[in-house]
Amino acid sequence: MIDTKALATQIKIALTEVSDDSKGILSIRRRTKIYVAMIDNQDADRSYRIRISLQEKCVRHVQHLWTTAFPSSSSLEDMLILAHQVVERRVSTDQAEMKAHRFFQSFDRAATNPANDRAIMVTDAARQLVVSTCYRDPYADIDETLRDDDELLPDSLDCSYACACAVAGGMNWRPAAEVDVEARRAFWMWYLNEAIPSALNN
């Protein structure tokens, strides 16, 4: 069973942190505590599906940023379909990871245009979603030693963080004046108030 009391406590703390943070940040340290609280230690498959559902909701939430930049491409939707195929064991994990990395690499040229920065972060989030589906261990995406998202390499960002960067227009290390702090705060509030409960209910 999921420890709903522990999860509710972590979400309550997180809501306060996001509200009070001058840059609207929800730290990876707090998100990790939430991820751990969402694990059902008696049902690994349920835990895995909750994790993937939450990540997909994040990508769907920012998908419009990608579609605006690349309106004639269906490749992001293809990645979301691929994620479902992996979950249902209809595609091998090796094949899925290869496709996810090729998808991201196919936008290398587009990434040189600053106007595409937000969409490229969504591209990265979709890649991370597919990669995450390849690992069914409930603790696969959890590293309790991390204190800052920006400690992660560009190719290993947390899916939800990549989505937050997309709406904000920049990573956490960027000065507040250079990003949309309130859009980032709104994303994390949605994540805590709506996305997590929805993933759990699904």
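Residues numbered from 1 in each chain as written. Predicted model: local features only at pLDDT ≥ 70, side-chain atom pairs only at ≥ 80, totals over all residues. Heavy atoms only, no water.

1. Describing the environment of Gln128
Phase 1: Note that Gln128 resides in helix H6 (residues 117-133).
Phase 2: Distance from Gln128 to Glu97, taken between C-alpha atoms, is 9.3 Å for residues 31 residues apart in sequence. (Helix = DSSP H or I, 4+ residues; strand = E, 2+ residues; numbered from the N terminus.)

2. Digging into the packing of helix H4 (residues 75-87) against helix H5 (residues 93-105)
Phase 1: Relative to each other, H4 and H5 sit at 165°, their axes nearing to 11 Å. As summarised for this structure, H4 and H5 are arranged roughly antiparallel, according to the angle between their axes. Helix-helix and strand crossings are classified by hand; for H4 and H5 the assignment is left-handed. Across from Ser75, Leu76, Met79, Leu82 and Val86 in H4, the residues of H5 making contact are Thr93, Ala96, Lys99, Ala100 and Phe103. (Axes fitted to C-alpha atoms, helices over the stretch in contact; angles between N-to-C directions. Parallel < 35°, antiparallel > 145°, perpendicular 65-115°, else oblique. Left-handed = near helix turned anticlockwise from the far one by under 90°. Contact = heavy atoms within 4.5 Å.)

3. Overview of the pattern of salt bridges
Phase 1: As enumerated under the stated definition, the model contains 13 salt bridges in all.
Phase 2: Glu56 serves as the salt-bridge partner of Arg60, at 3.5 Å between the closest nitrogen and oxygen. Of this pair, Arg60 and Glu56 both sit in helix H3 (residues 44-69), separated by 4 residues, roughly a single helical turn.
Phase 3: Relative accessible area serves as the criterion here: at 36%, Arg60 is assigned to the partly exposed category.
Phase 4: Between Arg127 and Asp124 there is a salt bridge whose closest N-O contact spans 2.7 Å. With Arg127 and Asp124 both in helix H6, this residue pair falls 3 residues apart, about one helical turn.
Phase 5: On the basis of relative accessibility, which here comes to 3%, the residue Asp124 falls in the buried class.
Phase 6: Connected through shared salt-bridge partners, Asp45, Arg49, Glu88 and Arg136 make up one network. (Salt bridge = Lys/Arg side-chain N within 4 Å of Asp/Glu carboxyl O. Buried < 20%, exposed > 50% of the residue type's maximum accessible area, 1.4 Å probe, protein only.)

4. Observations concerning the packing of aromatic side chains
Phase 1: By the definition in use, this model includes 8 aromatic pairs.
Phase 2: Between Phe70 and Phe107, the ring centres sit 4.8 Å apart and the planes meet at 55°, which makes this aromatic pair tilted. Highlighted residues: Phe70 in the loop between H3 and H4 and Phe107 in the loop between H5 and H6, separated in sequence by 37 residues.
Phase 3: Judged by its relative accessible area of 12%, Phe70 is buried.
Phase 4: The class of Phe107 is buried, set by a relative accessible area of 10%.
Phase 5: Counting every residue linked through ring pairs, the aromatic cluster contains Trp66, Phe70, Phe103 and Phe107.
Phase 6: Its guanidinium or amino end placed over the ring of Phe104, Arg127 lies 3.9 Å from that ring's centre, counting from NZ or CZ. (Phe/Tyr/Trp six-rings, centres within 6.5 Å; stacked < 30°, edge-to-face > 60°. Lys NZ or Arg CZ within 6 Å of the ring centre and 35° of its normal.)

5. Some remarks on the environment of Lys23
Phase 1: Within the secondary structure, Lys23 sits in the loop between helix H1 (4-20) and helix H2 (28-37).
Phase 2: Classification of Lys23 as buried rests on a relative accessible area of 18%.
Phase 3: The sequence separation of Lys23 and Asp180 amounts to 157 residues, and the corresponding C-alpha distance is 8.8 Å.
Phase 4: Contact partners of Lys23, with chain neighbours within four places excluded, come to Asn172, Trp173, Arg174, Ala176, Val181 and Arg184.
Phase 5: Reaching out from Lys23, the side chain makes a polar contact with the backbone oxygen of Asn172 at a distance of 2.4 Å. (Polar contact = N/O pair within 3.5 Å; in protein donor to acceptor, adjacent residues only side chain to side chain.)

6. With respect to H6
Phase 1: Relative to the 24 Å expected for 17 residues at 1.5 Å per residue, H6 spans 25 Å between its end C-alpha atoms, a close match to the ideal helical length.
Phase 2: Counting buried residues along H6, 15 of its 17 residues qualify, which places the element largely inside the surrounding structure. (Expected span 1.5 Å × (residues − 1).)

7. A closer look at the nonpolar core
Phase 1: In this structure, Val59, Phe187, Tyr191 and Leu192 are the most contacted members of the largest nonpolar core, which totals 65 residues.
Phase 2: Of all the elements in the fold, those that place two or more residues in this core are H1, H2, H3, H4, H5, H6, helix H7 (159-168) and helix H8 (181-201).
Phase 3: In this structure Phe187 touches Cys58, His61, Val62, Ser160, Cys163, Ala164 and Val167, once residues within four positions along its chain are discounted. (Core = buried A, V, L, I, M, F, W, Y, C linked by side-chain atoms within 4.5 Å.)

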